[in-house]
Amino acid sequence: MSVSTTSLKIPGQEAVQKKGWLHAHKWLLLRRFSQILILFVFLLGPIFGIWIVKGNMSSSLTLNVLSLTDPFVFLQSVLSGHVVETTAVVGALIVFAFYAIVGGRVYCSWVCPINIVTDVADWFYRKFNIKSPVHFSKNNRYALLAAILLVTLVSGIMVWELLNPVTMLQRELVFTMGFSWAVVLSIFIVDAFISRRAWCGRFCPMGAFYSLFGKFSLIRVNALNRDACNDCMDCYVVCPEPQVIKPVLKKAGDSNPVILAGNCTNCGRCIDVCSEDVFSLGIRSEKFIV
Amino acid sequence: MKPSTDKTLQSRRRFLENISRAAGGAVLYGIGLGLYSRQATSLPAQSIRPPGVANESDFLSACVRCGLCVRDCPYDTLKLSNLGDDVALGTPYFDARKIPCEMCEDIPCVKACPTGALDSALDNIDDARMGLAVLIDQEACIAFQGLRCEVCFNVCPLANKAISLNRTHNQRTGKHALIVPVVHSDACTGCGKCEHACILEEAAIKVLPTRLAKGELGHHYRLGWQEKQKAGESLVTPDTPHQYNLPEGTSYDYEGEGLIPAPKNNGRNFNDTPFNKSAIDRLNEGIK
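Throughout what follows, the structure given in this document is the object of discussion.

Calculation notes
- Residues numbered from 1 in each chain as written.
- Chains lettered and ligands numbered in written order.
- Predicted model: local features only at pLDDT ≥ 70, side-chain atom pairs only at ≥ 80, totals over all residues.
- Heavy atoms only, no water.
- Helix = DSSP H or I, 4+ residues; strand = E, 2+ residues; numbered from the N terminus.
- Rg over C-alpha atoms; globule rule 2.2 N^0.38 Å.
- Buried < 20%, exposed > 50% of the residue type's maximum accessible area, 1.4 Å probe, protein only.
- Areas by Shrake-Rupley, 256 points an atom, 1.4 Å probe, with all protein chains shown as cover.
- Lys, Arg positive; Asp, Glu negative; His and termini not counted.
- Charge placed at Lys NZ, Arg CZ, Asp CG, Glu CD.
- Axes fitted to C-alpha atoms, helices over the stretch in contact; angles between N-to-C directions.
- Parallel < 35°, antiparallel > 145°, perpendicular 65-115°, else oblique.
- Left-handed = near helix turned anticlockwise from the far one by under 90°.
- Contact = heavy atoms within 4.5 Å.
- Buried area = accessible area lost by both parts, 1.4 Å probe.
- Salt bridge = Lys/Arg side-chain N within 4 Å of Asp/Glu carboxyl O.
- Polar contact = N/O pair within 3.5 Å; in protein donor to acceptor, adjacent residues only side chain to side chain.
- Core = buried A, V, L, I, M, F, W, Y, C linked by side-chain atoms within 4.5 Å.
- Bend = angle between axes of the 7 residues up to and from the residue.
- Pairing = 2+ DSSP bridges.
- Patch = residues over 30% accessible without salt bridge, like charges linked within 9 Å, V, L, I, M, F, W, Y side chains within 5 Å.
- Disulfide = S-S within 2.5 Å.
- Expected span 1.5 Å × (residues − 1).

Each helix and strand counted, chain B has nine helices and eight strands in total. Relative to the globule expectation of 19 Å for 288 residues, the C-alpha radius of gyration of chain B, 31 Å, shows a markedly less compact shape. Counting all 288 residues of chain B, 38% fall into the buried class. In the form shown here, chain B has an accessible surface area of approximately 18400 Å², with 52% of it arising from carbon and sulfur atoms. Within chain B, one finds 32 positive and 34 negative side-chain charges whose respective centroids are separated by 8 Å.

Here is the structure:
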């Protein structure tokens, strides 16, 4: 492998030349569209008085029929000792089932508005060739998740919801803006200048939670065409969780070509930047893809 | 040592290292979160929870901060706390002085709650206990100055049950009445309409969380008259009517007048008030 890590090389350049700009940004654009569309639907009510969806991403009511509840918030409520009513139980089960099919951390890359901020921060980091001085372990988020669930269980209070930046931003965007923008700015500064991919990749316990059942999800990115890989390393540069790519890019026969790691967010950026079309989106079982 | 065992040892060491690091991290986070949770869940007295909240800690474990109650409140009474407010982040509350609860009969906020944080068993808004109105400043309340106000009584949705008017003697003028509002905790829902309507610059009547507003008698206390009623008779030696040893001709007023000297003219019953009940008779007495 001739690893030429010329740091100022823009990842995906070859893909743009070969496939065209639009094709080389397909999944990125779809993702941004999805994130903004979801936020827009939530904002239709408070801004234009068109109440398709009420509430926020913690729990919502769509068209006065469909009730959805975030499974992570739901879990915290249950652990803190509350007997939750049926509406929220059903809502959490629907959301849980959805992400169990499409990929747990699809929530992170296709829904969560913080992701836009951290993606921009990472773009900043690459663009200006910043070297981050601090490095956290990828397992840090699981320690945080464990602590949150334990403290919630012992104290009977949903501790994390007292400071969860993810639900906070979603809520304040839809209701009234408090100081969550300051928290988001802090996340940006940390991610861009202090510790690369710190929030989504090292701290966010919500992402950690979703990654746990994302392990078993049906829809997965694969590298079925890995023989065509020319070791350009662009996918590693853009991937928010590059450790998930490593096992699937080994020689054919050496490993499963499907990314099974729960932390793959199914964002599809690797598919975009690959000029050789190594990656594609499919289902988890190798047998059914070809 | 064989290289394979060496490798196992190494991987075991790494495993133990990772485990202990993760456990250490979790403990640190746990301590931080535990301490933060205690501080961040204190509720300021002026922030009132929506109907159907029995107690704050149960509420904080049940509310998912979705704001559906806020959306369904027709009077924009409820709002969600933002970062920077001192109410637990994202939870619904209202400030009665700004917009009080209008006590909707169909209780839309409770119906909207998906988790039961607002108790769906609440079907009569009169049973809600959001807080308790307290006439907190008798010095400022103009009714205590002898002025007619009664605004809090008049706006109370449960007037005569939650707030009644009590007539007492005006000590300042000596001849007028004070018409004073009195809140009854068995009926007050804590809707805050009284606080909202109070005509003062700063309300003299305020809705407080019940835990702040209520005292509680020591559980070992037994009130003699209640026990007497329960038993049907006095549990101790029956009371003998109290005999005051008063100077001859004087009487005693329990209501605050104290010792009343004997009237100059004779022929009056000392057990009566010093004044005759009939206004005409009093005029006649004056003429005599």
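That was the structure; now back to the text.
Secondary structure summary: chain A contains 14 helices and five strands in total. The C-alpha radius of gyration of chain A comes to 20 Å, within 12% of the 19 Å expected for a compact globule of 290 residues. Across the 290 residues in chain A, those meeting the buried criterion constitute 52%. For chain A, the exposed surface amounts to about 13100 Å²; the carbon and sulfur share of it is 70%. Within chain A, one finds 26 positive and 17 negative side-chain charges whose respective centroids are separated by 2 Å.

Residues and elements named next belong to chain A. Where helix H6 (residues 114-127) meets helix H9 (residues 180-194), the axes come as close as 8 Å, and the angle between the chain directions of the two elements is 30°. Accordingly, the angle class assigned to the pair H6 and H9 is roughly parallel. In the crossing of H6 with H9, the sense of the turn from one axis to the other is right-handed. Contacts between H6 and H9 involve Ile114, Val117, Thr118, Val120, Ala121, Phe124 and Tyr125 from the former and Val184, Ile187, Phe188, Asp191, Ala192 and Phe193 from the latter.

Contact with chain A, which involves 44 residues of that partner, is made by 37 residues of chain B. Contact between chain A and chain B buries roughly 3200 Å² in total, counting both sides, with carbon and sulfur atoms accounting for 65%. For the pair chain A and chain B, the interface holds one salt bridge. The salt bridge partner of A:Lys54 is B:Asp72, with a shortest N-O separation of 2.6 Å. Applying the counting rule to chain A against chain B returns twelve residue pairs in polar contact (both at pLDDT 80 or more). At the level of secondary structure, the elements contributing two or more residues to the side of chain A that touches chain B comprise strand S1 (53-56), strand S2 (59-62), helix H3 (71-79), helix H4 (86-102), helix H7 (140-155), helix H8 (165-174) and H9 of chain A. Counting residues per element, the side of chain A that touches chain B draws most heavily on H7(A), at six residues.

Quick look at the nonpolar core now. Residues A:Tyr99 and A:Phe279 are the most contacted members of the largest nonpolar core, which totals 107 residues. Ignoring anything within four residues of it in the chain, the contact list for A:Phe279 reads A:Val221, A:Asn222, A:Ala223, A:Cys235, A:Ile245, A:Val248, A:Leu249, A:Cys270, A:Ile271 and A:Cys274.

Moving on: helix H2 (residues 26-48) of chain A. Residue and element names in this part refer to chain A. A maximum bend of about 35° is found in H2 at Phe42, where proline Pro46 lies one to four positions downstream. Among the residues of H2, those classed as buried are Trp27, Leu28, Arg31, Arg32, Ser34, Gln35, Leu39, Phe42, Leu44 and Gly45. With its phi angle positive at about 75°, Gly49 sits one or two positions after the end of H2.

Within the secondary structure layout, A:Cys264 lies in the loop between helix H12 (234-238) and helix H13 (269-273). Excluding anything up to four places from it in sequence, A:Cys264 contacts A:Arg105, A:Arg220, A:Val221, A:Val244 and A:Ile259.

Residues and elements named next belong to chain A. Its location among the elements puts Thr62 in strand S2. The class for Thr62 is buried, based on a relative accessible area of 18%. Discounting chain neighbours no more than four positions away, the residues touching Thr62 are Ile52 and Val53.

All names here are of chain B. Tracing the sequence through the fold places Ile125 in the loop between helix H4 (108-112) and strand S3 (132-135). Assessed through its relative accessible area of 5%, Ile125 is described here as buried. The spatial distance from the C-alpha of Ile125 to the C-alpha of Gln226 is 31 Å, given a sequence separation of 101 residues. Residues within four places of Ile125 in sequence aside, it is in contact with Pro51, Met103, Cys104, Ile107 and Thr189.

Quick look at the packing of H3(A) against helix H11 (residues 205-214) of chain A now. Residue and element names in this part refer to chain A. The interhelical angle for the contact between H3 and H11, taken along N-to-C directions, is 100°, at an axis separation of 10 Å. Classed by the angle they form, the pair H3 and H11 counts as roughly perpendicular. Only Pro205, Met206, Phe209 and Tyr210 of H11 make contact with H3, whose side of the interface consists of Pro71, Phe72 and Leu75.

Hydrogen bonding along the main chain pairs the strands of a sheet, whether they run parallel or antiparallel. All names here are of chain A. What the three strands build is an open sheet, ordered S1-S2-S3; its pairing is antiparallel. Two strands lie at the open edges of the sheet, namely S1 and strand S3 (66-69), each paired on one side alone. The average undirected angle you get between the axes of adjacent strands in this sheet is 10°. One ladder, built from four bridges, connects S2 with S3; its direction is antiparallel. Its bridge partner being in S3, Ser60 is matched across the sheet by Leu68.

What follows covers the side chain of A:Asp122. All names here are of chain A. Structurally, Asp122 is set in helix H6. Asp122 sits in the buried class, given a relative accessible area of 7%. Leave out the neighbours within four places in its chain, and Asp122 touches Arg196, Arg197 and Val237.

This part is about the pairing of S3(A). Residues A:Ser67 and A:Thr69 line the buried face of S3(A), whereas the alternating positions A:Leu66 and A:Leu68 sit on a face that is not buried. Hairpin connection of S2(A) to S3(A): three residues between the antiparallel strands, including A:Leu63 at a positive phi of 50°.

Attention shifts here to a nonpolar patch on the surface. The grouping of A:Val134, A:Met177, A:Phe179, A:Trp181, A:Leu185, A:Ile189, A:Val190, A:Phe193 and A:Ile194 at the surface amounts to a nonpolar patch, some 760 Å² of accessible area in total. In this fold, A:Ile194 is placed in helix H9.

Take the state of the cysteines next. Residues and elements named next belong to chain A. With the rule as written, the count across this model stands at zero disulfides over all chains. Left without a disulfide partner, Cys264 is nearest to the cysteine sulfur of Cys270, which lies 6.6 Å away. Relative accessible area serves as the criterion here: at 8%, Cys264 is assigned to the buried category.

Another point: H7(A). Residue and element names in this part refer to chain A. Helix length check: H7, at 16 residues, gives a terminal C-alpha distance of 22 Å against a target of 22 Å (1.5 Å per residue), a fit within 8%. Among all positions of H7, only Asn140, Arg141, Ala143, Leu144, Leu145, Ala147, Ile148, Val151 and Thr152 are buried. With its phi angle positive at about 75°, Gly156 sits one or two positions after the end of H7.

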